[in-house]
Protein chains: 2
Amino acid sequence: MARRPSPQTRERILDAANDLFDRYGVHAVGMQRIIDEAACGKNLLYREFGSKDELVVAYLERGGAEWDVKFARALAAAATPQEQLVELVRVVGAGLPGTRGCGLRNTLAEYPDPDHPVHRFIVEHLEKVRGRLHDLAARTPTADPDRLVDRILLIINGLYSPYTVIAGEGRAAAEAVLLAREIVSA
Amino acid sequence: MARRPSPQTRERILDAANDLFDRYGVHAVGMQRIIDEAACGKNLLYREFGSKDELVVAYLERGGAEWDVKFARALAAAATPQEQLVELVRVVGAGLPGTRGCGLRNTLAEYPDPDHPVHRFIVEHLEKVRGRLHDLAARTPTADPDRLVDRILLIINGLYSPYTVIAGEGRAAAEAVLLAREIVSA
DNA sequence: ATTCGGACGGACCGATCGGTCTGTTATCGT
DNA sequence: ACGATAACAGACCGATCGGTCCGTCCGAAT
């Protein structure tokens, strides 16, 4: 009959939101700014994403997918589970420059209300991450996989700290890999 | 002649701002909310603090002072520089429950613009922290104090991660102390 | 008792927030 | 060519943002 809805509009909007949320944080970015950046009508954005919260969740889903890529890359780059954990730390550190850290963790800080869907989504994702790390740790010769997970997460979370990200992420990233190597071989 | 300005009003306002900023983040808290909480007139707040940015800086100064207390406590609680570093990690971990992490680091994430006075203040403070850690590390028998500082900071920053703070800060705090102990005695 | 000035509440400012709705333009299928 | 519909722009909504300003009230010094 008539004009068909373009399937890539949703992606274009999400691209713009992703960039702005990553750079400035969720609360600091208004919907109009996203609309300007995406060069779309306000109607279109609210058709694709019913509310800002929904858009934020979509942004976080993409962030979670990026983490999956990191995880897969680390698994592929090393043979043993120990080396894979170290490689994961290396991948995280290598991904820091030019970013503001981890969108999921940064956004979690902006939504302290544990009942908020955005908060719940992030915690859920991070628990999944912990689960996958645990699976990996359980396949290492360590006597206490939980402890190994705690330590690796401590390092990764430390790398994602705003302080680390902004001041000298280079040194921290290198040191994190060395520390991770010692931890997994202990 | 007339009524004298009460010297504790400034503290009362700062108390309210401190509590709200700590709990919800800077961007999420409006001035009116602080005024309501402090039960003061809007005039008074803007006489004591010329703008929201100034109030935020005052809030961060108090956060910096709290860090100084933590540092002093760690120095007093142990004899050797190695043990003092471990103690510092322990103090940080012990201070986590019931908080949203570190106000300075959380606020840094909210002010990504490196030219903004709030951003600059935080980076300046954190560099001072690094300096004091370096002084401490230099008095340990380690061959590479810089590396030791990087590792301790990685742990502390990891503890202050929103993820650590919200999900299971107990395990992380205990593990951080153990890891710090291994690091300083390596 | 009068008066001076600080504390307070709130009206008010322009701008922006998230969100809704309408009108115009452009592109498609028939 | 025509008509249907998606995409776009923007007016508009109430609420809130940071910030200014004014009027009232009250406490203390004279």
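Check the entry above for the structure.
Residues numbered from 1 in each chain as written. Chains lettered and ligands numbered in written order. Predicted model: local features only at pLDDT ≥ 70, side-chain atom pairs only at ≥ 80, totals over all residues. Heavy atoms only, no water.

Observations concerning the overall build of chain A
Stated precisely, the cut-off is as follows: Helix and strand assignments follow DSSP, with helices taken as H or I runs no shorter than four residues and strands as E runs no shorter than two, numbered in order from the N terminus. Exposure categories follow from relative accessible area, calculated using a 1.4 Å probe and restricted to protein chains: below 20% of the type maximum is buried, above 50% is exposed, and the middle band is partly exposed. Whether two residues are in contact is decided by their heavy atoms, any of which lying within 4.5 Å being enough.
Counting its regular elements, chain A contains 10 helices and zero strands. Going from N to C terminus, chain A has its helices and strands arranged as α-α-α-α-α-α-α-α-α-α. A total of 186 residues make up chain A; the buried ones form 50% of that total. At a minimum sequence separation of 6, the contacts of chain A that also span at least 24 residues come to 64%.

Details of the packing of helix α5 (residues 81-94) of chain A against helix α10 (residues 169-184) of chain A
Residue and element names in this part refer to chain A. Definition in use: Fitted lines through C-alpha atoms give the axes, limited to the stretch in contact for helices. The angle between two N-to-C directions lies from 0 to 180 degrees. Working definition: roughly parallel below 35 degrees, roughly antiparallel above 145 degrees, roughly perpendicular at 65 to 115 degrees, and oblique for all remaining angles. Working rule for handedness: look at the near helix, and if it is turned counterclockwise from the far one by less than a right angle, call the crossing left-handed; if clockwise, right-handed. Side-chain classes follow a simple rule in which Ala, Val, Leu, Ile, Met, Phe, Trp, Tyr, Cys and Pro form the nonpolar group, Asp, Glu, Lys and Arg form the charged group, and the remainder, Gly included, forms the polar group.
Contact pair α5 / α10: the axes reach a minimum separation of 9 Å and the direction vectors enclose 165°. If you check the angle between α5 and α10, you find them roughly antiparallel. Note on packing geometry: the crossing formed by α5 with α10 is right-handed. Side by side, α5 and α10 meet where Q82, L85, V86, V89, R90 and G93 of the first sit next to A173, A176, V177, A180, R181 and V184 of the second. Counted by class, the contact of α5 with α10 contains eight nonpolar, two polar and two charged residues.

A word on the interface of chain A and chain B
Applied cut-off: Defined here as a combined quantity, buried area equals the accessible surface (1.4 Å probe) lost by two parts on assembly, summed across both. One side-chain nitrogen of Lys or Arg within 4 Å of one carboxyl oxygen of Asp or Glu is enough to make a salt bridge.
Taken together, the contact pairs 39 residues of chain A with 39 residues of chain B. For the pair chain A and chain B, the summed buried area comes to about 3400 Å², and 62% of that belongs to carbon and sulfur atoms. Counting the contacts that link chain A with chain B gives eight salt bridges. A salt bridge links R151 of chain B to E175 of chain A; its shortest N-O distance comes to 2.6 Å. Going through the elements one at a time, α1 (9-24), α6 (103-110), α7 (117-138), α8 (145-159), α9 (162-166) and α10 of chain A are the ones with two or more residues in the side of chain A that touches chain B. Per element, the largest residue contribution to the side of chain A that touches chain B is 10 residues, and it comes from α8 of chain A. Looking at the side of chain A that touches chain B residue by residue, the class counts come to 20 nonpolar, seven polar and 12 charged.

Points about the packing of aromatic side chains
Heads up, the rule is: Note on ring pairs: Phe, Tyr and Trp rings are taken, using the six-membered ring of Trp, and paired if centres are within 6.5 Å. Classes follow the plane angle, with under 30 degrees stacked, over 60 edge-to-face and the rest tilted. Remark: a charge is flagged as sitting over a ring if the NZ atom of Lys or the CZ atom of Arg is within 6 Å of the ring centre and within 35 degrees of the ring normal.
Tallying each qualifying case throughout the model produces two aromatic pairs over all chains. Between F21 of chain A and Y59 of chain A, the ring centres sit 5.2 Å apart and the planes meet at 65°, which makes this aromatic pair edge-to-face. With F21 of chain A in helix α1 and Y59 of chain A in helix α4 (residues 52-77), the pair connects residues that are 38 residues apart, well separated along the chain. For Y59 of chain A, a relative accessible area of 4% gives the class buried. In this structure, R33 of chain B is placed above the aromatic ring of Y24 of chain B, and the distance from its NZ or CZ to the ring centre is 4.3 Å.

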